Amino acid sequence: ADYTVYAVDSLGAFAKAPQNFPPAGDLLVEDIPSGSAMADWVLEQSKKRKTAALVQLQSGRPPRPLFVHPFADLTVKQVFLSSSGEPLSVVVDDLTSRAYALGAQAAGSDDASALKRMIMGGKSGDESSSKQGAAMASIFKALREKVPETVTVSGVSVSGKMLEPLSIEQHSKRWLAYFRHPVLVGRIALPCRIEGSEVVWIGAEAFRQTDEGQSLEALTLSPVVEPRRIPIGGGRDVPAYLILPSGAQPAGLVVRVPDGVGSRFKSGADGMDGWLVSRGYAVLKVNPRGSAGFGQAWAAAEATEDRMGFLDDIVAAVRWALDTRKVLGETVADKPAVAVMGSYFGGYAAVQAMLYHSDLFACGVAIAPTQALTPWPASYVPNAEARARIEEEGKNKVLAPGARAADLQNTPLLVIEYEKDSDQARDVFINRIAPLGCSAEEWPKKLHYVQYAGESHGGGAILGNLHDQYYRIDGFLYGQLSKLTGGDRQLSREARVDEAPFISAALLPSTMGKPSETVRDFEQMFEQLLETMDAAGFKDIANLTEPGAKYYSSGGFGGDKMGGEGKRGALPQPKHRVTVRPDGILEVTIVFPEEPEGLTVFLSEVALHIRAKRTAMTMMLPRKPIPGAAMWSFRLPDKIGYTIQIPADISIGAIENWQLFNMEGRYQTLMSYLLPKDFAKASQKPPDPGPADAASQDQVFEAEVVV
């Protein structure tokens, strides 16, 4: 039987030269043969890289490649058909997204009504595919040339000349024309009507494709986005994007790696890029081997003769940015101001980069890094050195970040996790690099670790957590890279704000924290509560402050009133660790630079308040404390640190505890407290929880205040 089928697949060894392929100017490489030789070159590259092409299959005939891209995959959803079922055009997401009309070499009409005939059917339904393709090419030309001079995207004006048409589709009597902007990730759509031979625009307000992760932060900054194909030898290249501040020399470089094997960065700048650019960084987004969209050979991360891995691709891209593109200037210090950052696989890549190339990367940000896989895929092998070690030691000892804990003790690394994420992306690393029960002297010196409570894959569900995460990344990058910048180039950051996030685990160095509105609310609650207790005769609490000073003065208890009575400015927050033990005990370990003066801790239903002279911390509890159970403490061997233990209901997490607190009317109760005299007599050995221990501490009180 006769049949015609269109398929998207990689080409076989005996495939013929393609009928359609991109022009040389779209490919961003040099030394492309011209004329008829280009079709053979495109075919050769496609076979080598195993890119997916559009193929026509007909009964009794060999497969016919209709469209082939030498570097990028075509997908089924990117093929647009006529009313008769024939392909009219394709959109390819190479380093930039571009549309190509099929059969466009044939002469065609500029009549826009041809588009109606092709999509809606009619008298011209039997037109040849070449004529229909030519008409589609004319439509793209018309959309490109007749787009409004200025287009508005969510209130941001952009030049119509910057828009590249991708496709058009009908919605009742109206049409949507889809465009690509070089700064935006994904498409925008402009509504129009087709009247005879004219495309008539319905206003100049474009619709954003929110499902494609678009963000306008970068668009408002007008950064320069440079798509690059960086050669790495052996006829291979790394697809990457360099994003630069507009009209300014960047002071630092942040290298981003995709979230997972099988994912990729697309053209444009997202919200993270805009955020980094606004602070003076250039951003290099690298699609190393294992990334999707650039042929099956690249996606499979196949081992080559040189035994290279994904980390070699990242390093080659960074070397190009520093040495060839000179993104940080003509001369670069021995330790360049370069950070590496990513989530999941990207976070894993950041850890590997710090292990193997600490001379090139000053610090790393690993968000939910992959920590445990069974088995570890070949695409997770970073380089030839790791391949050699795997042959002797096995994959887990070489690839698992936790197995390299000793090598990361002095590595500047920010690790962020989410409490409800998969087991592959949480807990394993911290339990290896700082096991529960280890002394503070054994904590890694330059590690910042935080696990946000209540968050699942990707995080960001809780606004306070999201704000805190950005503040931490902001401060960490600035702290590590600002000291490495040269000349007049400077990085910037926002002042650190204590957002009182919901944290289920943490290991953090000392920092300065200015209280957010949330923290101020809690401090006002406790001020009211403690004043009530003063009136009831609890002189041991009343005597914590000098006469006339508020409990939450800027100097902490008994400290200087630098912020004025009842106000608190930025104060040191000491090095600390938060852990939920398997038996339900909450442990908060605090390490001070010197013996704290007037150390006092208050426990409420949802928060722990830690105060000493010129020290202030308010943290949300990772579990619900057990009513009627007292806290207890013990001193660390260094005599300037303490561990506070809190009996808790392990089944009720931080978010659930907060919801219960709100449902019950927000009655804030002083459940327990520890005074300076309790810390003075604290044992160096943690006592077992029980009635005897509770009796040795100050009693539990029932004073309460309505928030």
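The structure this text deals with has already been given above.
Our subject in this report is the structure included herewith. (Residues numbered from 1 in each chain as written. Predicted model: local features only at pLDDT ≥ 70, side-chain atom pairs only at ≥ 80, totals over all residues. Heavy atoms only, no water.)

Section: the overall build of the chain
Then, in step 1: The helix and strand inventory of the chain stands at 17 helices and 36 strands.
Then, in step 2: Counting every position in the chain, which comprises 707 residues, the buried fraction comes to 55%.
Then, in step 3: Across the chain, contacts joining residues at least 24 apart in sequence account for 67% of those joining residues at least 6 apart. (Helix = DSSP H or I, 4+ residues; strand = E, 2+ residues; numbered from the N terminus. Buried < 20%, exposed > 50% of the residue type's maximum accessible area, 1.4 Å probe, protein only. Contact = heavy atoms within 4.5 Å.)

A closer look at the pattern of salt bridges
Then, in step 1: Applying the stated criterion to the full structure yields 27 salt bridges.
Then, in step 2: A salt bridge links R389 to E393, with the shortest nitrogen-to-oxygen separation between them at 3.2 Å. In this pair, R389 and E393 are both assigned in helix α9 (residues 384-393), 4 residues apart and thus about one turn of the helix distant.
Then, in step 3: On the basis of relative accessibility, which here comes to 21%, the residue R389 falls in the partly exposed class.
Then, in step 4: The class for E393 is partly exposed, based on a relative accessible area of 35%.
Then, in step 5: Through salt bridges that share partners, D26, R98, R144 and E164 make up one connected network. (Salt bridge = Lys/Arg side-chain N within 4 Å of Asp/Glu carboxyl O.)

A short note on the side chain of D270
Then, in step 1: Here D270 is to be found in the loop between β16 (252-257) and α5 (271-277).
Then, in step 2: Judged by its relative accessible area of 18%, D270 falls in the buried class.
Then, in step 3: A distance of 3.2 Å separates the side chain of D270 from the backbone nitrogen of M272, its partner in a polar contact. (Polar contact = N/O pair within 3.5 Å; in protein donor to acceptor, adjacent residues only side chain to side chain.)

Re the side chain of Q58
Then, in step 1: Note on placement: Q58 falls in strand β2 (residues 52-58).
Then, in step 2: Side-chain polar atoms of Q58 contact the side chain of T4, separated by 3.5 Å.
Then, in step 3: Within polar-contact distance, the side chain of Q58 engages the side chain of R61 at 3.0 Å.

Regarding unusual backbone geometry
Then, in step 1: Here the bond from T374 into P375 is cis, since omega is -10°, no more than 30 degrees from zero.
Then, in step 2: A positive phi is found at K326, a non-glycine position, where the angle reads about 55°.
Then, in step 3: As for its position among the elements, K326 is in the loop between α7 (310-324) and β18 (338-343).
Then, in step 4: For K326, a relative accessible area of 30% corresponds to the partly exposed category.
Then, in step 5: Despite not being glycine, D427 has its phi angle at roughly 75°, a positive value.
Then, in step 6: Secondary-structure assignment places D427 in the loop between β20 (413-418) and α11 (428-433).

A few points about the sheet that holds strand β3 (residues 64-67)
Then, in step 1: Strand order in this open sheet of 3 strands is β1-β2-β3, and the pairing throughout is antiparallel. Here the strands that pair on one side only, and so sit at the sheet edges, are β1 (4-10) and β3. Pairwise comparison of adjacent strand axes, ignoring direction, gives a mean angle of 40° for this sheet.
Then, in step 2: Summarising the sheet, β1 and β2 pair through 7 bridges and their orientation is antiparallel. Bridging from a neighbouring strand, Y6 pairs with Q56 of β2. (Pairing = 2+ DSSP bridges. Axes fitted to C-alpha atoms, helices over the stretch in contact; angles between N-to-C directions.)

A few points about α7
Then, in step 1: Relative to the 21 Å expected for 15 residues at 1.5 Å per residue, α7 spans 21 Å between its end C-alpha atoms, a close match to the ideal helical length.
Then, in step 2: Of the positions making up α7, those classed as buried are F310, L311, D313, I314, V315, A317, V318, W320, A321 and L322.
Then, in step 3: A positive phi of about 55° marks K326, the residue just after α7. (Expected span 1.5 Å × (residues − 1).)

Some words on the packing of aromatic side chains
Then, in step 1: On inspection of all chains with the given rule, the structure shows 15 aromatic pairs.
Then, in step 2: Look at F502 and W658: their rings are 6.0 Å apart centre to centre, the planes differ by 65°, and that puts the pair in the edge-to-face class. Taken as a pair, F502 in the loop between β22 (497-498) and β23 (503-508) and W658 in helix α15 (residues 654-663) lie far apart in primary sequence, 156 residues in all.
Then, in step 3: One residue, R187, lies across the ring of Y178, its end atom 4.2 Å from the ring centre.
Then, in step 4: The positively charged end of R404 is found above the aromatic ring belonging to Y356, 5.5 Å away from the centroid. (Phe/Tyr/Trp six-rings, centres within 6.5 Å; stacked < 30°, edge-to-face > 60°. Lys NZ or Arg CZ within 6 Å of the ring centre and 35° of its normal.)

Some points on the packing of α7 against helix α8 (residues 345-356)
Then, in step 1: Interaxial distance between α7 and α8 falls to 10 Å at its minimum, and their mutual angle equals 75°. What the angle tells us is that α7 and α8 run roughly perpendicular. The residues of α8 that touch α7, namely those facing F310, L311 and I314, are F345, Y348, A349, Q352, A353 and Y356.
Then, in step 2: Split by residue class, the contact of α7 with α8 holds 8 nonpolar, 1 polar and no charged. (Parallel < 35°, antiparallel > 145°, perpendicular 65-115°, else oblique. Nonpolar A, V, L, I, M, F, W, Y, C, P; charged D, E, K, R; others polar.)

Considering the pairing of strand β10 (residues 174-180)
Then, in step 1: Most of β10 is tucked away, with 6 of its 7 residues classed as buried.
Then, in step 2: When strand β9 (residues 164-171) meets β10, the two strands line up antiparallel, connected through 7 bridges. Bridging across to β10, E164 finds its partner in R180.
Then, in step 3: Two elements, β10 and strand β11 (residues 187-195), share 6 bridges in a ladder whose sense is antiparallel. Bridge assignment links A177 to a residue of β11, and that residue is L190.
Then, in step 4: Between the end of β10 and the start of β11, which pair antiparallel, lie 6 residues, with G186 showing a positive phi angle near 90°.

Notes on the sheet that holds strand β30 (residues 615-620)
Then, in step 1: If you trace the 4 strands from one edge of the open sheet to the other, you get β30-β29-β28-β35, paired in antiparallel fashion. Because the sheet does not close on itself, it has two edges, and the strands there are β30 and β35 (672-674). The sheet shows a mean angle of 10° between the axes of neighbouring strands, direction not considered.

Things to note about the pairing of strand β27 (residues 585-591)
Then, in step 1: With 7 of 7 residues buried, β27 is to be regarded as a mostly interior element.
Then, in step 2: Of the two faces of β27, the one holding I585, E587, T589 and V591 and the one holding L586, V588 and I590 are both buried throughout.
Then, in step 3: Bridging between strand β26 (residues 575-580) and β27 involves 6 bridges; their strand directions are antiparallel. Bridging across to β27, V578 finds its partner in V588.
Then, in step 4: The turn joining β26 and β27, which pair antiparallel and follow one another in sequence, is formed by 4 residues; a positive phi near 95° is taken by G584.
Then, in step 5: The pairing of β27 with strand β33 (residues 641-653) spans 7 bridges and is classified as antiparallel. Across the sheet, the residue bridging to V588 is I644, located in β33.

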